[in-house]
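A structural walkthrough
In case you want the letters, here they are:
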2 protein chains.
Amino acid sequence: MSAQQPPKHIGVILFPGFQLLDLCGPLDVLNILATERTLTLSILAATLDPVSTQHALQESKQSDFGEKLVPTHTFDTAPDDIEVLILPGGYGSRSEEKIEGAVEFLKGYYPKLKYMITVCTGSAILAKTGVLNDRRATSNKKAFTWVKEQNTAVKWVAKARWVVDGNIWTSSGISAGIDLIYSWIGEVYGKELADLLADQSEYERNTDAGDDRFAARWGAV
Amino acid sequence: MSAQQPPKHIGVILFPGFQLLDLCGPLDVLNILATERTLTLSILAATLDPVSTQHALQESKQSDFGEKLVPTHTFDTAPDDIEVLILPGGYGSRSEEKIEGAVEFLKGYYPKLKYMITVCTGSAILAKTGVLNDRRATSNKKAFTWVKEQNTAVKWVAKARWVVDGNIWTSSGISAGIDLIYSWIGEVYGKELADLLADQSEYERNTDAGDDRFAARWGAV
């Protein structure tokens, strides 16, 4: 556990077409942590309009299927004391227009953070800010070829459930964000608490950051 | 796989203090399914106001931590062709006032459904409608004693990741809803598709409904 005071203010970033579980997997664990520790959540987006998960692949199947989450602040009105930012991925990460607000915000805000966390192709978005240059990071394995093309100055790690480099934690695709957040809570708030939260959530953790069969499954190695 | 046409219209129920992952775990899998099949989602609540996960246990820690999801319909304006309903649990399930709209809606709507799915203490809410009487069902294991008290006419199963009885699928606590939904998709849309979606989500499934170490962990057996 880190000697410094554990974070009390967590922020998350929304953009159109974000992947629901990328965000809600880690957030649900933090929701439970907030019954044990005093925590504040800020939900940031380009505007205060609810942000939908829906994207073009669903629309191409004539599906009308998506969920909208409500932001608490815009990028322009974000509180200045957020210590941890969580950035999800999702199909929307492939659209420059949908993520440009997040990219500009992260460029300015990253230096203030204690921790930066990305899930899935959230690392491809973060890579566009330059802060991952020369750092080790991972991402979604089905999308790994596309992710690497977004910034070749990043030391992309194919076989990893998650990767930690300095204060930046990046996870593999979608579900991997849940394993990342338990490991991060173990590091920052203590291992016993992380295990208790996982048992309360009835979750079987993968506690080995190198244990990743999906890299081979999707041809990333 | 069932011989009948697979469902095209899925509904979910929100109430204040619902558990985020109970709902968003299964929904994220269905979001991906909606890129392979034509699906519609309706999100039902007492009113059209966004519904928050926040509850008293967080507030007692002075935490300001929660997320709001946006309904698409009220219980009074729900479409009449929903085939599958998903009901999450959460701390809000302990408040009669917070769930009374859902209970009344379910009493009237259940006979129209092809499938009813509950996650976590969602089964305690469904138990209040009477439709679980004399049926086998499971629920959250930490809350199991309280759940059983809600309706003793239900055949509560302590050691189960999920239980199927007729067209009602009930899962154990929080994370167990994800294993339930993959199994349900395997049954209804085909096993190959369920496995493909899990690989896309980089999720390690528990495919054994009887494999549940949390019943012992929380003293439910």
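Procedures and definitions
Residues numbered from 1 in each chain as written. Chains lettered and ligands numbered in written order. Predicted model: local features only at pLDDT ≥ 70, side-chain atom pairs only at ≥ 80, totals over all residues. Heavy atoms only, no water. Helix = DSSP H or I, 4+ residues; strand = E, 2+ residues; numbered from the N terminus. Rg over C-alpha atoms; globule rule 2.2 N^0.38 Å. Buried < 20%, exposed > 50% of the residue type's maximum accessible area, 1.4 Å probe, protein only. Contact = heavy atoms within 4.5 Å. Areas by Shrake-Rupley, 256 points an atom, 1.4 Å probe, with all protein chains shown as cover. Lys, Arg positive; Asp, Glu negative; His and termini not counted. Charge placed at Lys NZ, Arg CZ, Asp CG, Glu CD. Buried area = accessible area lost by both parts, 1.4 Å probe. Salt bridge = Lys/Arg side-chain N within 4 Å of Asp/Glu carboxyl O. Pairing = 2+ DSSP bridges. Axes fitted to C-alpha atoms, helices over the stretch in contact; angles between N-to-C directions. UniProt positions renumbered as here; feature names shortened; annotations may be inferred. Phe/Tyr/Trp six-rings, centres within 6.5 Å; stacked < 30°, edge-to-face > 60°. Lys NZ or Arg CZ within 6 Å of the ring centre and 35° of its normal. Least-squares fit on C-alpha atoms with pLDDT ≥ 70 in both. Core = buried A, V, L, I, M, F, W, Y, C linked by side-chain atoms within 4.5 Å. Polar contact = N/O pair within 3.5 Å; in protein donor to acceptor, adjacent residues only side chain to side chain. Right-handed = clockwise from strand over helix to strand, strands pointing away. Disulfide = S-S within 2.5 Å.

Right, let's get into the overall build of chain A. When you go through chain A residue by residue, the secondary structure sums to eight helices and 11 strands. Taking 17 Å as the expected radius of gyration for a compact globule of 221 residues, we find that chain A reaches 16 Å, a close match to that expectation. Viewed in the frame of its principal axes, chain A has a C-alpha envelope of about 45 × 40 × 35 Å. Within the span of chain A, comprising 221 residues, buried residues form 64% of the whole. Taking as baseline every contact in chain A between residues at least 6 positions apart, the subset at least 24 positions apart corresponds to 71%. For chain A, the computed accessible surface area is about 8,100 Å², with 47% contributed by carbon and sulfur atoms. Charge separation in chain A, taken as the distance between the mean sites of 22 positive and 28 negative side-chain charges, equals 6 Å.

Bringing the interface of chain B and chain A into the picture now. With 56 residues of chain B in contact, the opposing surface of chain A contributes 56 residues. In total, chain B and chain A occlude about 4,800 Å² of area from one another, counting both sides; carbon and sulfur atoms represent 54% of this. Three residues, B:F65, B:D199 and B:E202, lead the burial of chain B against chain A; their summed loss comes to 17% of the area buried on that side. The tally of links from chain B across to chain A stands at six salt bridges. We note a salt bridge from B:R213 to A:E204, for which the minimum N-O separation is 2.8 Å.

All right, on to the sheet that holds strand 2 (residues 40-45) of chain B then. Residues and elements named next belong to chain B. The mixed open sheet is built from seven strands, whose spatial order is 5-2-1-6-7-11-10. The sheet is open, and its two borders are formed by strand 5 (73-74) and strand 10 (162-165), each paired with just one other strand. Where strand 7 (residues 115-118) lies against strand 11 (residues 168-171), three bridges are found, and the strand directions are parallel. In the strand pairing of strand 11, I117 is matched with W169. Of the strands in this sheet, strand 1 (9-13), strand 2, strand 6 (84-87) and strand 7 are in contact with helix 3 (residues 96-109), which crosses strand 6 at around 155°. Sheet contacts for helix 6 (residues 176-188): strand 1, strand 6, strand 7, strand 10 and strand 11; angle to strand 11, the most-contacted strand, approximately 150°.

Before going further, it helps to spend a moment on the UniProt feature "domain: DJ-1/PfpI" (unreviewed entry) in chain A. Per the UniProt record, "domain: DJ-1/PfpI" (unreviewed entry) is annotated on residues 9-181 of chain A. Summarising residues 9-181 of chain A: 29% helix, 21% strand, and an end-to-end C-alpha distance of 15 Å.

Next up on the list: the packing of aromatic side chains. Residues and elements named next belong to chain A. Evaluated as defined, the whole model comprises 12 aromatic pairs over all chains. With 5.2 Å between their ring centres and 25° between their planes, F75 and F105 make a pair best called stacked. Separated by 30 residues along the polypeptide, F75 in the loop between strand 5 (73-74) and strand 6 (84-87) and F105 in helix 3 (residues 96-109) bring together distant segments of the chain. With respect to burial, F75 and F105 carry one shared label: buried. Plain terms: the ring middles of F144 and W156 are 6.5 Å apart, the flat faces sit at 80° to each other, and that makes the pair edge-to-face. Here the residue F144 occupies a position in helix 5 (residues 144-150), and W156 occupies one in strand 9 (residues 155-156), the gap between them amounting to 12 residues. Residue W156 is classed as buried on the basis of its relative accessible area, which comes to 15%. The rings of F75, F105 and Y109 are connected pair by pair, giving a single aromatic cluster. One residue, K112, lies across the ring of Y109, its end atom 4.6 Å from the ring centre.

Turning to the relation of the copies chain B and chain A, a few remarks are in order. Turning chain B through 180° and shifting it by 0.0 Å along the axis lays it on chain A, with an RMSD of 0.0 Å. Read as a symmetry element, the transformation amounts to a two-fold axis. Taking C-alpha positions as reference, the residue of chain B nearest the rotation axis is B:L69, located at 2.4 Å. Both copies present the same face, since 100% of the interface residues in chain B are matched by interface residues at the equivalent positions in chain A.

This part is about unusual backbone geometry. For B:Q62, which is not a glycine, the phi torsion comes out positive at approximately 60°. Residue placement: B:Q62 occurs in the loop between helix 2 (56-59) and strand 4 (68-69).

Attention now goes to the nonpolar core. One broad rule of soluble globular proteins: the nonpolar side chains tend to lie buried together. Counting residues in each nonpolar core, the largest one holds 154 residues, and the members touching the most others are A:W184 and B:W184. Among residues more than four places away in sequence, those in contact with A:W184 are A:P7, A:L30, A:V84, A:Y115, A:I117, A:W169 and A:Y189.

A separate point is the environment of B:Q150. Residues and elements named next belong to chain B. With respect to the element layout, Q150 can be found in helix 5 (residues 144-150). What Q150 contacts, discounting residues up to four positions off in sequence, is A124 and K128. One polar contact links Q150 to K128, side chain to side chain, over a distance of 2.8 Å.

Let's shift gears to the pairing of strand 7 (residues 115-118) of chain A. Residue and element names in this part refer to chain A. Here strand 7 shows a buried face lined by Y115 and I117 and a second buried face lined by M116 and T118. As judged from the four bridges shared by strand 6 and strand 7, these two strands associate in the parallel manner. Note that in strand 7 the partner of I86 across the bridge is I117. Handedness of the crossover is the feature at issue here: the chain leaves strand 6, passes through helix 3, returns alongside strand 7, and the resulting connection is right-handed.

Glancing now at the state of the cysteines. Per the stated rule, a full pass over the model turns up zero disulfides over all chains. Note on B:C24: no disulfide assigned, nearest cysteine sulfur contributed by A:C24 at a separation of 3.8 Å. Judged by its relative accessible area of 0%, B:C24 is buried. With no disulfide of its own, B:C120 lies 14 Å from the sulfur of B:C24, the closest cysteine sulfur. Judged by relative accessible area, which is 3%, B:C120 ranks as buried.

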